[in-house]
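Residue strings, one per chain:
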Amino acid sequence: MKKTILIAATLIASLGAKAQNWAVDASHTNVNFVVDYMVVSELEGTFKKYDAKVTSEKADFSDIKIEFTVDVNSINTENEMRDKHLQSDDFFNAEKFPKLTFKSISMKKVDGKKYVLEGDLTLRDVTKRVKFDVVYGGTVNDPYGNTKAGFKATTKINRMDYGLKYNAAIETGALVAGNEVTLNINTVLIKQK
């Protein structure tokens, strides 16, 4: 009898658990990248348009599911000519492949508020498994009654693996643009009611 009651209680508890939907707070989110420029400096850029579908049942977000989409045509490096070059077939080929996407597979707690988020990153027509180092900033209620959660996620990829093939060299032999690109996502999510 006790076993039947325990099974029934577990079933009721699992049915009561409900995935929470979260939306990106665009005014408090940024998606940027950093790449070496001619070895002597770094070039930074941002993507101005993005969206995400985020769900989680657990308060610590260890079961989070994320589908993140970036509009490649929204790239901004504060230089229109360079932005157009980055949108060309030398890099993103934004006309044919207008979206950069990430779909999560798992999020594992490492220590305290540090996590590793693993998933599939698609650029152009190439999909590769990547790991983001994530710092969970916490969850708070804002003055308007909204529940918000903050995260900073960082990963490094090799752009050549995704067909971003431009590789002009300067006279020393170094590449104009480095192969390693750091992607940073600083986001605030809003719990949907």
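The structure presented is a predicted model; accordingly, all values stated were derived computationally and were not measured. (Residues numbered from 1 in each chain as written. Predicted model: local features only at pLDDT ≥ 70, side-chain atom pairs only at ≥ 80, totals over all residues. Heavy atoms only, no water.)

Trainee: Lay out the overall build of the protein chain with the relevant residues and their values.
Mentor: A count of helices and strands for the protein chain gives two helices and eleven strands. Listing every helix and strand of the protein chain by position from the N terminus yields α-β-β-β-β-β-β-α-β-β-β-β-β. In the protein chain, which comprises 193 residues, the share counted as buried stands at 40%. Of all intrachain contacts in the protein chain linking residues separated by at least 6 positions in sequence, the fraction that spans at least 24 positions is 56%. Counting every atom, the protein chain has about 11700 Å² of accessible surface; 54% of that belongs to carbon and sulfur. (Helix = DSSP H or I, 4+ residues; strand = E, 2+ residues; numbered from the N terminus. Buried < 20%, exposed > 50% of the residue type's maximum accessible area, 1.4 Å probe, protein only. Contact = heavy atoms within 4.5 Å. Areas by Shrake-Rupley, 256 points an atom, 1.4 Å probe, with all protein chains shown as cover.)

Trainee: Describe in detail the confidence of the model for the protein chain, supporting the description with residues and values.
Mentor: Of all residues in the protein chain, 85% attain a pLDDT of 70 or more, and the chain-wide mean is 87. Of all secondary-structure elements in the protein chain, the lowest mean pLDDT belongs to helix α1 (residues 2–16), at 43, while strand β8 (residues 114–123) reaches the highest, 98. (pLDDT = per-residue confidence, 0-100.)

Trainee: Outline the pairing of strand β4 (residues 50–56), supporting the account with residue identities and numerical values.
Mentor: The side-chain alternation of β4 yields one buried face, formed by Y50, A52, V54 and S56, and one unburied face, formed by D51, K53 and T55. Pairing of strand β1 (residues 20–24) with β4, which is carried by three bridges, proceeds in the antiparallel orientation. Looking at the pairing, Q20 lines up with S56 of β4. Two strands pair when backbone bridges link them, and β4 and strand β5 (residues 65–71) are joined in this way by six bridges, in the antiparallel orientation. Of the residues in β5, the one forming a bridge with T55 is K65. (Pairing = 2+ DSSP bridges.)

Trainee: Residues and numbers for unusual backbone geometry, please.
Mentor: With a phi close to 65 degrees, F61 is a non-glycine residue in the positive phi region. Within the secondary structure, F61 is located in the loop between β4 and β5. Note on F61: relative accessible area 2%, which makes it buried. The backbone of E78 shows a phi angle near 65 degrees, a positive value even though the residue is not glycine. Secondary-structure assignment places E78 in the loop between β6 (75–76) and α2 (80–87). Looking at E78, the relative accessible area reads 71%, which means it is exposed.

Trainee: Describe in detail the pattern of salt bridges, supporting the description with residues and values.
Mentor: All told, the structure shown has six salt bridges when counted by the stated rule. Of the charged contacts, one joins K148 and D142 as a salt bridge, the two residues approaching to 3.5 Å between their closest N and O atoms. Grouping residues by exposure puts K148 and D142 together as buried. A salt bridge links E180 to K156; the shortest N-O distance between them is 3.9 Å. Of the two residues, E180 sits in strand β11 (residues 177–191) while K156 sits in strand β10 (residues 147–158), which places them 24 residues apart along the sequence. For E180, a relative accessible area of 49% gives the class partly exposed. (Salt bridge = Lys/Arg side-chain N within 4 Å of Asp/Glu carboxyl O.)

Trainee: Kindly report on the side chain of N184, identifying the contributing residues and their values.
Mentor: Within the secondary structure layout, N184 lies in strand β11. Only 3.1 Å separates the side chain of N184 from the side chain of T154, close enough to count as a polar contact. Excluding residues that lie within four positions of it along the chain, N184 makes contacts with N30, V31, N32, V34, A153 and T154. (Polar contact = N/O pair within 3.5 Å; in protein donor to acceptor, adjacent residues only side chain to side chain.)

Trainee: Can you explain the nonpolar core? Please cite residues and give values.
Mentor: Core analysis: the largest hydrophobic core is formed by 43 residues, its most contacted members being F68 and F92. It is strand β9 (residues 126–141) that contributes the most residues to this core, five residues altogether. (Core = buried A, V, L, I, M, F, W, Y, C linked by side-chain atoms within 4.5 Å.)

Trainee: Can you tell me about the packing of aromatic side chains, naming the residues and giving the values?
Mentor: Counting across every chain of the model gives nine aromatic pairs. Measuring from ring centre to ring centre gives 5.2 Å for Y136 and F151, while their planes differ by 25 degrees; the resulting arrangement is stacked. Here the residue Y136 occupies a position in strand β9, and F151 occupies one in strand β10, the gap between them amounting to 15 residues. Classification of F151 as buried rests on a relative accessible area of 10%. The ring centre of Y136 lies 5.8 Å from the NZ or CZ of K113, which sits over that ring. (Phe/Tyr/Trp six-rings, centres within 6.5 Å; stacked < 30°, edge-to-face > 60°. Lys NZ or Arg CZ within 6 Å of the ring centre and 35° of its normal.)

Trainee: Requested: an account of the environment of K18, with residues and values cited.
Mentor: Looking at the secondary structure, you find K18 in the loop between α1 and β1. Residues K18 and E57, spaced 39 residues apart in sequence, show a C-alpha to C-alpha distance of 6.0 Å. Ignoring anything within four residues of it in the chain, the contact list for K18 reads S56 and E57.

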